[in-house]
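One letter stands for each residue in the lines below.
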Amino acid sequence: MRKQWFAVISIIAGVPSCAFAAGNSVDKADTVFMLINTILVIFMTIPGIALFYGGLLRRKNVLSLMSQVIVSFSLVCVLWVIYGYSLAFETGNPFFGGLKQVMLKNISITDLSGSFYQLIYVVFQGAFGCITVALVVGALCERVRFSALLIFIVLWFTASYIPMAHMVWGGGWLAQDGALDFAGGTVVHINAAVAGLVGAYLLGKRSGFGKEAFKPHNLPMTFIGTAVLYIGWFGFNVGSAGAVNAIAALALVNTMVATSGAVLSWISSEWLLRDKPSLLGACSGCIAGLVAITPAAATVGIGGALVIGVIAGITGLWGVVVLKRWLRVDDVCDVFGVHGVCGIVGCLLTSIFTASALGGTGFVEGMTMLRQFGIQVISILVCVVWSAVTAYFSFKIADLAVGLRISVESEREGLDITSHGESAYN
């Protein structure tokens, strides 16, 4: 489990390790704290992701996206309980855990994870898996076949998300090497972004892409989704502390500061380049800052968090404007441009601003900034390659089974009607 990570944090931040160790009694404050944070992470996906992505699409596809989000969330919940949690967090090899907790057997209602009930931890971590899969949907929408998406989810979640969670948080390979990823820079954001990019390439561009104007149909909906994600992200980052302690407080302020810095740097850059600061730019900058601070929230100082946020806003804008054009890909909701680029930026900058000389909590004994940077690079490369390979084969299997893309006629009419038989706006 993340106990290995908590132990590292306790050393570099001066927090007593007993705050994260399995105890003999439950702490009611920590239990309530984790219950609230778990609900906030769920809140991020339903309705956060659904509203944020839904507003970015054309009106004829908004219900299809929302259907994909809530069904993928439910599917991952079931898979997580059946075997996901056990394979991710049970003791095993460097890549997968064991099967002792399949269907959550051997976990009683009184078992603890640190100072709160283990079943809460199961749901907390499961919500991370749910939002990771939902993020992928944003790169595929408006032309992916619903049944093919579900097949992909089962395969990729099993082959990519679970082993990455084990390698980083479950005591596997990257955790043993000392990779720093507090709340999901690699496991969630880079992992999902790479899978989305692969899927976007395999699906091909939407009919009329580059010839017709594909504008967001409801920016107020996207703004509401952004607000939900912003609020929910505190559960994402702060809850990863696992207790009401100094790390939770540090993650709280770092998340707020980095996000604010990213919003300002994104719209300032946009204002300079395009003469107008847009609401969509502010929303995108908000997500960029949240993504970038995720791996660093528990170890960097306040100044470091601000710098990470400012850099994330600029690089995120570059990702969705310049890099997307270079890649020549139809990533509908800019999953790779924001989550991929800013996830990579955040993971790399974690190794720099964790240094005590730069206001961070400091590295573990014997670790240098250069060595930590190298470890971060390796963890990013492992995530990119692992996710890309598993996504490619998962999409190919889904394509062979049912066909990956809907027909041109169905796409023209819209997935709301052709795939789900309903319309958002009458």
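From a predicted model like this one, the values you see are computed outputs, not experimental measurements.

Rules and cut-offs
Residues numbered from 1 in each chain as written. Predicted model: local features only at pLDDT ≥ 70, side-chain atom pairs only at ≥ 80, totals over all residues. Heavy atoms only, no water. Helix = DSSP H or I, 4+ residues; strand = E, 2+ residues; numbered from the N terminus. Buried < 20%, exposed > 50% of the residue type's maximum accessible area, 1.4 Å probe, protein only. Disulfide = S-S within 2.5 Å. pLDDT = per-residue confidence, 0-100. Contact = heavy atoms within 4.5 Å. Expected span 1.5 Å × (residues − 1). Salt bridge = Lys/Arg side-chain N within 4 Å of Asp/Glu carboxyl O.

K.L.:
Describe unusual backbone geometry, with residues and values.
P.N.:
For the peptide bond that leads from Ile 46 to Pro 47, omega is 15 degrees, which places it in the cis range. Here Pro 47 is to be found in helix 2 (residues 28–56). We note that Met 103 has phi near 55 degrees; this positive angle belongs to a residue other than glycine. Position of Met 103 relative to the elements: it lies in the loop between helix 3 (62–89) and strand 1 (112–113). The class for Met 103 is exposed, based on a relative accessible area of 52%. The backbone of Leu 104 shows a phi angle near 60 degrees, a positive value even though the residue is not glycine.

K.L.:
Can you tell me about the state of the cysteines, naming the residues and giving the values?
P.N.:
Using the criterion set out here, one finds 0 disulfides in the structure. In this structure Cys 283 is a free cysteine whose sulfur lies 7.2 Å from that of Cys 286, the closest cysteine sulfur available. Residue Cys 283 is classed as buried on the basis of its relative accessible area of 3%. We note that Cys 383 lacks a disulfide partner, and the nearest cysteine sulfur, in Cys 347, lies 8.0 Å from it. Classification of Cys 383 as buried rests on a relative accessible area of 0%.

K.L.:
I'd like a rundown of the confidence of the model for the chain, residues and numbers included.
P.N.:
Close inspection of predicted coordinates is inappropriate for parts of the model with low pLDDT. Of the residues in the chain, 94% have a pLDDT of 70 or more, and the chain-wide mean is 93. Contacts of residues 3–23 to residues separated by more than four positions or lying in other chains number 43 contacts, the stretch itself having pLDDT below 50.

K.L.:
Lay out helix 12 (residues 335–353) in plain terms, naming residues and giving numbers.
P.N.:
Taking 1.5 Å per residue, 19 residues should reach 27 Å; helix 12 reaches 25 Å between its end C-alpha atoms and fits that length. Among the 19 residues that make up helix 12, 16 are buried, leaving the element largely enclosed by the rest of the structure.

K.L.:
Can you tell me about the pattern of salt bridges, naming the residues and giving the values?
P.N.:
One pass over the structure, following the stated rule, counts 7 salt bridges. The closest approach of N and O atoms between Arg 206 and Asp 330, which form a salt bridge, is 2.8 Å. Here the residue Arg 206 occupies a position in the loop between helix 7 (185–203) and helix 8 (219–238), and Asp 330 occupies one in the loop between helix 11 (302–327) and helix 12, the gap between them amounting to 124 residues. Arg 206 gets classed as buried once you look at its relative accessible area, which sits at 8%. Residue classification places Asp 330 among the buried residues on the basis of a relative accessible area of 1%. Ionic pairing is found between Glu 411 and Arg 405, a salt bridge with its closest N-O pair at 2.8 Å. What makes Glu 411 buried here is its relative accessible area of 2%. The class for Arg 405 is partly exposed, based on a relative accessible area of 23%. The network of salt bridges with common partners includes Arg 58, Glu 142, Arg 206 and Asp 330.

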